[in-house]
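Below, each chain spelled out in residue letters.
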Amino acid sequence: MSSSGTNWRELFPTKLTFIIFLLYMSLFIGQGIFVTASQESNNSYSYNTVTVVLLTEVFKLIVSICLYCRENNLRSLVRDVQKDRQVLALYMVPAFLYCLYNNLAFVNLATFDPTTYYLLLQLRVVVTGILFQMIFKKYLSQRQWLSLILLTFGCMLKQVNFGSFYSDANDDSEAAAIQMSKANGTHHDQPSGGGKNMSGFDFSLSAVFILAQTIFSCLAGVYNEYLLKDKGADVNIFVQNVFMYLDSIVCNAVILLIRGELLDAFSGPHLISIMRFSVIIIIVNNAAIGIVTSFFLKYMNSILKTFASALELLFTAILCYFLFSIPIYMNTALAIAVVSYAIYLYTQSPVVNLGKVRPLTDFQDKRKLLDPEDHTDSEMV
């Protein structure tokens, strides 16, 4: 009906915003798949992951500068950077948080299979909802909160042992498979998936890392949206990207310096280990994620961003089944079903936060999206 159409228009004002949504989702699915595919048989990495994150930021910086220079020159960019250097300093906060998030992604994907990894990351939705209210003063409705809570509950289903509620030889869950493995004397912590954690939190250091990544993601996403739509709303989006990636390069370089690997990370053997297709595609994919995310947050919002991440679960589970032979247990299927319903519930009453940014409305706005000279998209509505 018409109300349903209105809800979809609130979610995706134009076809372009829907394309951005699909791109964002596809690229994030690729991240988990590509990182997992680049691992050794013992789930370790043969390359320096911090160096890969740093090179990704360098690549994103180059792309952003090239996009800006389509209609301008480097001298103009330098002037804009000097003029808005206050915003450059503010971007150090999300840059540092994203730096930690991106590096923890490699650590956690070495511990968890991609489906479990993305399920656990969905715990950030409720935290994001709280931060969204605090920063933007946009209070969520009961329906919106219900959808967020349902999504969190769906993530918790991942680690439920159905065998504890009844005795059934047909119990099809990760926990039951692990118990069967132990009963048979098999020396594996997990039923399959290359020895990775497939059952969720186990109150270990890996749980601390995934919680930390969740918190960093929430804080960085909401604060980045605040800069894009409020403090830096009048700054060209490609200049804002330059700010973010310059600060991110500094943050990753500091991490390498603290670890005593700054010079060694760019030695011949280390660079050779990175110059492989399986690693280069990670750099390109993650760079595309960074560019697309900036458009996503500017023309949509961080709440919808978390639901895009939740929607990745279904496709990630299916791809991991075919690519890595990671089984889809009852826990995973139920968790995905609950999360999918939470997404549907959210689409009935989506959060709309334009800030000072005017939404894309027609073909001319598509040009403005890529036109560095046009600042009319920052008009108050």
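The rules behind the values
Residues numbered from 1 in each chain as written. Predicted model: local features only at pLDDT ≥ 70, side-chain atom pairs only at ≥ 80, totals over all residues. Heavy atoms only, no water. Salt bridge = Lys/Arg side-chain N within 4 Å of Asp/Glu carboxyl O. Helix = DSSP H or I, 4+ residues; strand = E, 2+ residues; numbered from the N terminus. Buried < 20%, exposed > 50% of the residue type's maximum accessible area, 1.4 Å probe, protein only. Axes fitted to C-alpha atoms, helices over the stretch in contact; angles between N-to-C directions. Parallel < 35°, antiparallel > 145°, perpendicular 65-115°, else oblique. Left-handed = near helix turned anticlockwise from the far one by under 90°. Contact = heavy atoms within 4.5 Å. Nonpolar A, V, L, I, M, F, W, Y, C, P; charged D, E, K, R; others polar. pLDDT = per-residue confidence, 0-100. Core = buried A, V, L, I, M, F, W, Y, C linked by side-chain atoms within 4.5 Å.

Re the pattern of salt bridges
Argument step 1. Summed over all chains, the structure comprises three salt bridges.
Argument step 2. In this structure, K60 engages E57 in a salt bridge whose closest nitrogen and oxygen atoms are separated by 3.1 Å. Here K60 and its partner E57 are both found in helix α3 (residues 49-68), three residues apart, which amounts to about one turn of the helix.
Argument step 3. Classification of K60 by relative accessible area gives buried; the value is 7%.
Argument step 4. Between R259 and E261 there is a salt bridge; the shortest N-O distance is 3.4 Å.
Argument step 5. Residue classification places R259 among the partly exposed residues on the basis of a relative accessible area of 45%.

Description of the packing of helix α2 (residues 15-37) against helix α6 (residues 92-109)
Argument step 1. Packing of α2 against α6 leaves a shortest axis separation of 10 Å and a crossing angle of 55°. Put simply, α2 runs oblique to α6. Considering the relative orientation of α2 and α6, their crossing is right-handed. The segment α2 lies against α6, with F28, Q31, G32, V35 and T36 engaging Y101, A105, F106 and L109.
Argument step 2. Counted by class, the contact of α2 with α6 contains six nonpolar, three polar and no charged residues.

Details of the confidence of the model for the protein chain
Argument step 1. Averaged over the protein chain, the pLDDT score is 76; the fraction of residues at 70 or greater is 72%.
Argument step 2. Scored below 50 in pLDDT, residues 178-192 shows 18 contacts in the model against residues more than four places distant or in partner chains.
Argument step 3. This stretch, residues 370-381, has a pLDDT under 50; its non-local contacts, to residues over four places away or in other chains, come to 35 contacts.

Digging into the side chain of S273
Argument step 1. Following the sequence through the fold, S273 ends up in helix α13 (residues 268-274).
Argument step 2. A residue is classified by how much of its surface remains accessible, and S273, at 14% relative accessible area, is buried.
Argument step 3. Apart from the residues lying within four places of it in its own chain, the contact partners of S273 are S46, Y47 and V279.

Quick word on the environment of V338
Argument step 1. Within the secondary structure layout, V338 lies in helix α16 (residues 330-347).
Argument step 2. Owing to a relative accessible area of 19%, V338 belongs among the buried residues under this scheme.
Argument step 3. Separated by 188 residues in the primary sequence, V338 and L150 have C-alpha atoms spaced 6.8 Å apart.

Here we look at the nonpolar core
Argument step 1. If you look at the biggest cluster of nonpolar residues, it comprises 73 residues, and the most contacted ones within it are Y47, V52, F106, Y117 and F296.
Argument step 2. With 10 residues, α2 is the single largest residue contributor to this core.
Argument step 3. Setting aside residues no more than four positions away along its own chain, Y117 makes contact with Y101, A105, N108, L109, F112, I210 and Q213.
Argument step 4. Residues C99, C251, I255 and L256 belong to the second largest nonpolar core, which totals seven residues.

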